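# Commentary on secondary and tertiary structure
The chain contents come next:
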Amino acid sequence: MIPVFVSLIIVGAFLLRVVPQWGEVFIYNDIGNDIVYRGADEWYHVRLMDYMNLNWPNFLKFDYFAIYPYGMEVGYRPVMGWTVVGFSKLFGLNYQVVAA
């Protein structure tokens, strides 16, 4: 009884968080469908996931485009990227949609 109740609470909380913001994240226009991230960190994480998607399971350790022209080490650990890209590869989904 308790696991079912907890599962219903988790699903309900997820739906309350996702459904109202769906139109703000996924924008449908005449040209195509776009995903809009609200901050700079989101774009950077998706860029790291883009690298990881192309070079699975390796992750970007040194970013040549950050602090141009010198570059810098990436300070983020790849656990979130592995989770998102691994889930998208496992189920054949677009990793940007999974990240959003």
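See the structure shown above.
## Topic: the overall build of the protein chain
Helix and strand counts for the protein chain come out as five helices and four strands. Across the protein chain, helices and strands are ordered from the amino to the carboxyl terminus as α-α-β-β-α-β-β-α-α. For 100 residues, the compact-globule estimate of 2.2 N^0.38 gives 13 Å, and the C-alpha radius of gyration of the protein chain, at 17 Å, exceeds that figure by more than 25%. Considered along the principal axes of its C-alpha atoms, the protein chain spans approximately 55 × 40 × 25 Å. Expressed as a percentage of contacts within the protein chain between residues at least 6 apart in sequence, the contacts between residues at least 24 apart total 44%.

## Comments concerning the packing of helix 3 (residues 40-54) against helix 4 (residues 79-91)
The axes of two packed helices give the description: the angle between them and the distance between them. For the pair helix 3 and helix 4, the least separation of the axes is 10 Å and the interaxial angle reads 55°. Taken together, the axes of helix 3 and helix 4 lie oblique to each other. Between helix 3 and helix 4 the crossing geometry is right-handed. Packed against helix 3, whose contacting residues are His45, Met49, Met52 and Asn53, the element helix 4 presents Met80, Gly81, Trp82, Val84, Val85 and Lys89 at the interface. A class-by-class count of the residues in the contact of helix 3 with helix 4 yields six nonpolar, three polar and one charged.

## Quick word on the environment of leucine 16
As for its placement among the helices and strands, leucine 16 is situated in helix 1 (residues 2-18). On the basis of relative accessible area, leucine 16 is assigned to the exposed category, the value being 68%. A sequence separation of 73 residues divides leucine 16 from lysine 89, and the C-alpha atoms of the two residues are 27 Å apart.

## With respect to the pattern of salt bridges
As enumerated under the stated definition, the model contains one salt bridge in all. Between aspartate 63 and arginine 47 there is a salt bridge, and its shortest N-O distance comes to 2.8 Å. Placement of aspartate 63 in strand 3 (residues 62-63) and of arginine 47 in helix 3 is noted, with a sequence separation of 16 residues between them.

## Topic: unusual backbone geometry
Look at the link from tryptophan 56 to proline 57: it is a cis peptide, with omega at -5°. With respect to the helices, strands and loops of the structure, proline 57 is situated in the loop between helix 3 and strand 3. Proline 69 follows tyrosine 68 through a cis peptide bond whose omega is 5°. Along the chain, proline 69 falls in the loop between strand 3 and strand 4 (72-73). Phi is positive for isoleucine 67, which is not a glycine, with a value near 50°. Judged by relative accessible area, isoleucine 67 falls into the exposed class, the value being 54%.

Conventions adopted
Residues numbered from 1 in each chain as written. Predicted model: local features only at pLDDT ≥ 70, side-chain atom pairs only at ≥ 80, totals over all residues. Heavy atoms only, no water. Helix = DSSP H or I, 4+ residues; strand = E, 2+ residues; numbered from the N terminus. Rg over C-alpha atoms; globule rule 2.2 N^0.38 Å. Contact = heavy atoms within 4.5 Å. Axes fitted to C-alpha atoms, helices over the stretch in contact; angles between N-to-C directions. Parallel < 35°, antiparallel > 145°, perpendicular 65-115°, else oblique. Left-handed = near helix turned anticlockwise from the far one by under 90°. Nonpolar A, V, L, I, M, F, W, Y, C, P; charged D, E, K, R; others polar. Buried < 20%, exposed > 50% of the residue type's maximum accessible area, 1.4 Å probe, protein only. Salt bridge = Lys/Arg side-chain N within 4 Å of Asp/Glu carboxyl O.

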